[in-house]
Amino acid sequence: MSLELHADPQHRAGGYGFLELPERSLPETVKIAVQDAYSERWLNPSPEQRVTVGEANWQPERHAFGPYQVLRHDGADWVRIGPEIINKIEEYTAVRFEVNGQTHNVVWPDTLSPLAGAAALGGLQVTPQVVPVQEPELKSPPPQEHLEIPVTKSVSPPKERSSKRWIWILILLVVLGAAALAWKLFGGEATPKAASLDRSDTACNFETLSALPDFDARNASMRECGKDISPDVVLRIIEDASKAGNADALLLFGTLYDEDELDPRIEVLIGLTFADDPARAVYYYAQAQAAGSKEAGTRLEGACKRLTGSTQTLEKGAFDDFCG
């Protein structure tokens with residue numbers, strides 16, 4: 001697997017994303033250098049503001065951003081980058097990433113948008129002046145003197161005009177009849193195109209996945225589906241398993257509500273994620289721990305620290321119930 005770029009679903013305003021690389025191909029931390037594939041210049045920090053949206057600072061000297069922490073999850077290494085890189089590269093730009101001594105050529109996707117609200121560098125923004133448009137003054141035409149026009153009797157030609165009219169009518173009827181016959185013989189309803197076979201319609205739909213013997217098999221299959229599976233299908237699979245008390249499904253629910261934890265395959269690739277809600281996260285972590293998940297205990301401890309001292313009713317209640 002080569003390098004792939006994904007937007008960070010927890011930052012819908014833009015500016016953050018992930019590099020996905022093969023599993024165990026990176027150390028614990030890495031530095032990243034970005035080069036324009038055509039000019040072969042290197043992306044450097046902007047002289048004044050690193051996160052400002054605008055012209056990228058491409059220089060002959062190589063610059064390495066970072067260090068960045070490497071996340072290892074679901075068969076891949078993930079590196080989270082921010083506005084210092086994303087705000088500087090325009091969509092469809094051919095760039096070259098250097099990560100841990102390896103070179104990867106990619107085309108910058110249109111899904112990685114810059115951080116919303118950042119000011120743009122360069123260029124003057126001119127507010128156009130609105131000039132009111134005056135409606136033209138309508139004047140009444142001057143009165144005209146009444147002129148008497150002598151009326152002369154038109155002499156209708158003999159029956160040539162009438163006969164020509166009937167000829168055109170007959171021609172039109174013949175054309176319409178021929179068109180109707182052609183439609184009947186060769187027209188009719190268009191033959192429907194064969195529906196393209198999509199994995200989401202076969203191996204990645206809810207009926208097929210729910211027929212698998214247990215959540216472990218369903219979880220593995222829906223992760224293999226990746227972008228071919230709907231987030232709604234994944235949610236239904238997880239909901240059904242969590243209602244049955246499955247520890248892994250309950251742990252995954254807690255992860256989706258915890259902004260400090262990330263399941264890249266589910267949240268980034270498939271696109272199923274929730275807004276940060278530590279009160280719900282500790283609830284699901286506690287349920288997962290009670291169901292036998294060892295990892296849930298560590299997650300629960302971290303989420304409880306976030307709730308310490310909170311004065312919000314729901315968060316305070318969750319802390320008292322699950323963090324005591």
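What you are looking at is a predicted structure, and each value in this text was computed from that prediction instead of being measured.

Attention shifts here to the pairing of strand 6 (residues 65-73). The side chains of a regular strand alternate, residue by residue, between the two faces of the sheet. Here three bridges tie strand 3 (residues 29-36) to strand 6, and the two strands are oriented antiparallel to one another. The residue of strand 6 that forms the bridge with Ile32 is Phe65. Bridge count between strand 6 and strand 7 (residues 76-81): four bridges; the pairing is antiparallel. Looking at the pairing, Arg72 lines up with Asp77 of strand 7. Where strand 6 hands over to strand 7, the hairpin turn is made up of two residues, of which Asp74 adopts a positive phi near 55°.

This brings us to the packing of helix 4 (residues 215-225) against helix 5 (residues 231-243). For the pair helix 4 and helix 5, interaxial distance at closest approach is 11 Å and the crossing angle is 165°. In terms of their interaxial angle, helix 4 and helix 5 are classed as roughly antiparallel. Two packed elements cross with a definite hand, and for helix 4 against helix 5 that hand is left-handed. Across from Phe215, Arg218 and Met222 in helix 4, the residues of helix 5 making contact are Val234, Ile237, Ile238 and Ala241. Residues that form the contact of helix 4 with helix 5 fall into these classes: six nonpolar, no polar and one charged.

On inspection of all chains with the given rule, the structure shows eight aromatic pairs. Summarising the aromatic geometry, the rings of Phe97 and Trp108 are spaced 6.3 Å apart at their centres and angled 20° between planes, so their arrangement reads as stacked. One end of the pair, Phe97, is in strand 8 (residues 94-99); the other, Trp108, is in the loop between strand 9 (102-107) and helix 2 (160-186), and 11 residues separate them in sequence. Side by side, Phe97 and Trp108 carry an identical accessibility label, which is buried.

Quick look at the pairing of strand 7 now. Counting buried positions along strand 7 yields five of six residues, so the element is predominantly enclosed. With six bridges joining them, strand 2 (residues 17-22) and strand 7 adopt antiparallel strand pairing. When the sheet's bridge partners are listed, Leu21 is paired in strand 7 with Asp77.

Looking now at unusual backbone geometry. With an omega dihedral of 10°, the bond running from Gly66 to Pro67 counts as a cis peptide bond. Inspection of the secondary structure puts Pro67 in strand 6. In this model, Arg24 sits at a positive phi of 60°, which is unusual for a non-glycine residue. Tracing the chain through its elements places Arg24 in the loop between strand 2 and strand 3. Unlike most non-glycine residues, Asn100 shows phi in positive territory, near 55°. Mapped onto the elements of the fold, Asn100 is located in the loop between strand 8 and strand 9.

Here is what the cut-offs are and how they apply
- Residues numbered from 1 in each chain as written.
- Predicted model: local features only at pLDDT ≥ 70, side-chain atom pairs only at ≥ 80, totals over all residues.
- Heavy atoms only, no water.
- Pairing = 2+ DSSP bridges.
- Helix = DSSP H or I, 4+ residues; strand = E, 2+ residues; numbered from the N terminus.
- Axes fitted to C-alpha atoms, helices over the stretch in contact; angles between N-to-C directions.
- Parallel < 35°, antiparallel > 145°, perpendicular 65-115°, else oblique.
- Left-handed = near helix turned anticlockwise from the far one by under 90°.
- Contact = heavy atoms within 4.5 Å.
- Nonpolar A, V, L, I, M, F, W, Y, C, P; charged D, E, K, R; others polar.
- Phe/Tyr/Trp six-rings, centres within 6.5 Å; stacked < 30°, edge-to-face > 60°.
- Buried < 20%, exposed > 50% of the residue type's maximum accessible area, 1.4 Å probe, protein only.

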